[in-house]
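# Structure assessment
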Amino acid sequence: MAKLQKGTFTGQAGGHGGDIKVALTTDGERITDVKIVEQHETPHVGDNAFKWIPERIVHYQSLAVDAVSGASFTSRGIINASKQALQAAGGDLVDWSQPVPKPSVAAKDQTADVAIAGGGLTGLTMAAFAIKNGLKPLIVEKNDQVGGSFRYAAGAFATVGSKKVADNQIDDLINWVKELNAHGAKKEMDYDFLRYLEEHTGETFDELVDIAGSQPQIAQEAPYKFAVFGGGAFIVNALEKYIKDHGGLILPDTVITKINVDESGKHATGFAARNAAGCFTVTAKAVVIATGGESYGHKEDLVKTTPSLEKVHVFNEANPGNTGDGYGLLKEAGASFYEGNIYKNAFLDFGWPLRISYANVPDYSKAIVVNDQAKRFTNEAPFFALNLTTALYYEGSPRYYVIYDAAKMDQTFRKKLDAQKEDPKVVVHAGSVKEMAEKLDLDPAALEQTVAGYNEACAKGEDEFGKDAAHLESLDGADGYYGLYTMPGSWGTIGGVKINRDMLVEQTDGSFFDNLYALGEMSTNELFSDFYIAGFSLANYSTEARLVAERLAAN
């Protein structure tokens, strides 16, 4: 390789939460060290990227390392900052971009009490509770790190009966969910199943707190309580450590190719798996499929269920591994499915330069949302905030915008917008409604009519879409307007395979496997209507895992 200047050189590049700065050291011939000296990433989410990427750059003397799954923005920030530092050291990137092999996992046959497909929240909690009940678990995870979509989560658990926090009363919680669904739900959910799981969530939460060695607290009081003891990435790391420390086996970068079933057709014997080193078989007393939903790469299937989605730009916040792998495996094994999946609604999403996440969602309850025809079509302050996203799914527009009155919006958020370069796919600022329409390529007359109609509704205190008077604030534009490109967000899918109350998978003939389970997002059709409810997935999925682990141990 070409010579480098000897010394330490810095580089800087954008990550998930801001710029990442690295210090790259050379001895004149080799890269001897890469250190992260400044970063603004979400705590714990990028931990493996910060550890693995510098190690691999030094080990392989190459910047052509792979991004860490689930931390792609952080990974690219580290790699790009390292490239800048290397160039500062006089390096030619071509000379330092040799292909880097991925670390491989041995391909040898394995046995376990519980074989688990998927290392997200559900798979990790299944393994942890299996260990607590004296069972030996094995997790197969197709990505290079565990956690799945749970790594991005706030860690909110809607619980009942915890001894560690003063949480919800079951009747109050169920009645609130019923009231939520009375506000436009298009499908039914099974309240008895929800009650059954929720009544066990407090004990689940308390056991997870003990595993993590953390301190719980109530993070939200209304309209219902949810408890936390750390963000998703923190909990992932704690569960992974607990599993490995107690003899559980996790096989990353490995895919399952088939669920093996015996001659009876009712009993799973394990599954066939494959990784870079080859093919092998996992034999187990019980098989758990916990690979999540199918929000990536399956929009054509979701459009069949919700035709209005065909032109809608949905922003996936789920892990890119949320590709429905488990559905294909279960279909081949003869499982029975609900008619079709729908998107699991998240908050509205904005252009990436704004770096909006669940932790800093701007208030748009007093703004207006318009479609590509510059028309309002829904209540921007609905009964439950996530319902607004569902309204965008059903409206079917190829583009949406949130229009703020500059003087009346959150001024801290306004400063964030002012720091952005104007871009109709991110944010624009205008002194008049007409100028706003022109910058967003909307019909000026239509947008002026929409704003005028909204201001009239504000004056009367009555809105055609049902926005309450407390959120009706006119857009007079005395200090101008901001228009933000917005997308309905998704945290996965609702639907999946049919199961009974023991979480055993139903077969196409209506009978059930005796040891094949589907947990978490693999089967949520009866736990939600077409609205997702924040905090319920973590509580219920982990509770399913605990109940199955206890059942397996008892048998």
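Being a predicted model, the structure only gives us computed values, none of them experimental.

Our next topic: the overall build of the chain. Regarding its fold elements, the chain presents 14 helices and 19 strands. Dimensions of the chain, computed from the C-alpha atoms along their principal axes, are close to 70 × 70 × 45 Å. Counting every position in the chain, which comprises 555 residues, the buried fraction comes to 55%. Excluding contacts between residues fewer than 6 apart, the proportion of contacts in the chain whose partners are at least 24 apart in sequence is 72%. In the structure as shown, the chain presents an accessible area of about 22,300 Å², 48% of it carried by carbon and sulfur atoms. A gap of 5 Å separates the mean positions of the 52 positive and 74 negative side-chain charges of the chain.

Two orientations exist for strands paired in a sheet by backbone hydrogen bonds: parallel and antiparallel. Reading across from one edge, β1-β2-β3 is the order of the three strands in this open sheet, with antiparallel pairing throughout. Here the strands that pair on one side only, and so sit at the sheet edges, are β1 (7-14) and β3 (31-38). Across the sheet, the axes of successive neighbouring strands diverge by a mean angle of 25 degrees, strand direction being ignored. The pairing of β1 with strand β2 (residues 19-26) spans eight bridges and is classified as antiparallel. When the sheet's bridge partners are listed, glycine 7 is paired in β2 with threonine 26. Of the strands in this sheet, β2 and β3 are in contact with helix α1 (residues 47-60), which crosses β3 at around 155 degrees. Its contacts with the sheet place helix α2 (residues 72-88) against β1, β2 and β3, and it is angled at close to 140 degrees to β1.

So, on to the side chain of threonine 450. In this structure, threonine 450 sits in helix α13 (residues 444-460). For threonine 450, a relative accessible area of 10% gives the class buried. Other than its neighbours up to four places away in sequence, threonine 450 contacts Ile368, Val370, Ala374, Lys375 and Arg376.

Attention now goes to the environment of glutamate 422. Tracing the backbone through its elements, the reader meets glutamate 422 in the loop between α11 (411-418) and β16 (427-430). Given the relative accessible area of 39%, glutamate 422 is considered partly exposed. Taking the C-alpha atoms as reference points, glutamate 422 and asparagine 48, separated by 374 residues in sequence, lie 34 Å from one another. For glutamate 422, the residues in contact, after removing those within four places along its chain, are Val427, Val428, His429 and Lys439. A distance of 2.4 Å separates the side chain of glutamate 422 from the backbone nitrogen of histidine 429, its partner in a polar contact. Side chain to side chain, glutamate 422 and lysine 439 meet in a polar contact 3.0 Å long.

Let's shift gears to the pairing of strand β19 (residues 512-518). Within β19, five of the seven residues are buried, which leaves the element mostly enclosed by the surrounding structure. Taken together, the three bridges between strand β11 (residues 278-289) and β19 define a ladder with parallel strand orientation. Within β19, the residue paired with valine 287 across the bridge is leucine 516. The pairing of strand β18 (residues 504-506) with β19 spans two bridges and is antiparallel. In the strand pairing of β19, glutamate 506 is matched with phenylalanine 512.

Going from alanine 222 to proline 223, the amide bond is cis rather than trans, its omega being 5 degrees. With respect to the helices and strands, the residue proline 223 is situated in the loop between β6 (217-220) and β7 (226-228). We note that histidine 44 has phi near 80 degrees; this positive angle belongs to a residue other than glycine. With respect to the helices, strands and loops of the structure, histidine 44 is situated in the loop between β3 and α1.

Looking now at α13. For α13, spanning 17 residues, the distance from its first C-alpha to its last is 24 Å, which sits close to the expected 24 Å at 1.5 Å a residue. Those residues of α13 lying buried are Ala446, Leu447, Thr450, Val451, Tyr454, Ala457 and Cys458. Down the axis, α13 shows its buried residues gathered within 130 degrees of arc, on one side only. Across α13 from its buried face, at more than 90 degrees, point the exposed residues Gln449, Ala459 and Lys460. Residues of α13 that are buried make contact with β14 (368-370) and α12 (433-439). For α13, the capping residue at the N-terminal end is aspartate 443, with a side-chain oxygen 3.0 Å from the backbone nitrogen of alanine 445. Count one or two residues on from α13 and you reach glycine 461, which has phi positive near 80 degrees.

On inspection of all chains with the given rule, the structure shows 28 salt bridges. A salt bridge links lysine 35 to aspartate 33; its shortest N-O distance comes to 2.4 Å. Residue classification places lysine 35 among the partly exposed positions, given a relative accessible area of 48%. Put simply, lysine 344 and glutamate 521 hold a salt bridge, and the shortest N to O gap is 3.7 Å. A residue pair is termed long-range when its members are at least 10 positions apart, and lysine 344 in strand β13 (residues 342-350) and glutamate 521 in the loop between β19 and α14 (536-554) qualify at 177 residues. A relative accessible area of 5% places lysine 344 in the buried class. A relative accessible area of 9% means that glutamate 521 is categorised as buried. One connected set of salt bridges, linked through shared partners, spans Arg376, Glu380, Asp463 and Lys467.

Let's shift gears to the packing of aromatic side chains. With the rule as written, the count across this model stands at 19 aromatic pairs. A ring pair is formed by phenylalanine 350 and tyrosine 364, whose centres lie 6.3 Å apart and whose planes are at 50 degrees; its orientation type is tilted. Taken as a pair, phenylalanine 350 in strand β13 and tyrosine 364 in the loop between β13 and β14 lie far apart in primary sequence, 14 residues in all. This pair shows no difference in class: phenylalanine 350 is buried, exactly as tyrosine 364 is. One aromatic cluster is present, formed by Trp176, Tyr224, Phe226, Phe383, Phe384 and Phe536 through successive ring pairs. In this structure, lysine 186 is placed above the aromatic ring of tyrosine 394, and the distance from its NZ or CZ to the ring centre is 4.4 Å. The ring of phenylalanine 193 has arginine 501 lying over it, and the distance from NZ or CZ to the ring centre is 3.9 Å.

With that settled, consider α14. Between its first and last C-alpha atoms α14 spans 27 Å; for 19 residues at 1.5 Å apiece the expected length is 27 Å, and the two agree. Across the 19 residues that make up α14, a large majority, 15, are buried.

What counts and what doesn't
Residues numbered from 1 in each chain as written. Predicted model: local features only at pLDDT ≥ 70, side-chain atom pairs only at ≥ 80, totals over all residues. Heavy atoms only, no water. Helix = DSSP H or I, 4+ residues; strand = E, 2+ residues; numbered from the N terminus. Buried < 20%, exposed > 50% of the residue type's maximum accessible area, 1.4 Å probe, protein only. Contact = heavy atoms within 4.5 Å. Areas by Shrake-Rupley, 256 points an atom, 1.4 Å probe, with all protein chains shown as cover. Lys, Arg positive; Asp, Glu negative; His and termini not counted. Charge placed at Lys NZ, Arg CZ, Asp CG, Glu CD. Pairing = 2+ DSSP bridges. Axes fitted to C-alpha atoms, helices over the stretch in contact; angles between N-to-C directions. Polar contact = N/O pair within 3.5 Å; in protein donor to acceptor, adjacent residues only side chain to side chain. Expected span 1.5 Å × (residues − 1). Arc of directions from axis to C-beta. Salt bridge = Lys/Arg side-chain N within 4 Å of Asp/Glu carboxyl O. Phe/Tyr/Trp six-rings, centres within 6.5 Å; stacked < 30°, edge-to-face > 60°. Lys NZ or Arg CZ within 6 Å of the ring centre and 35° of its normal.

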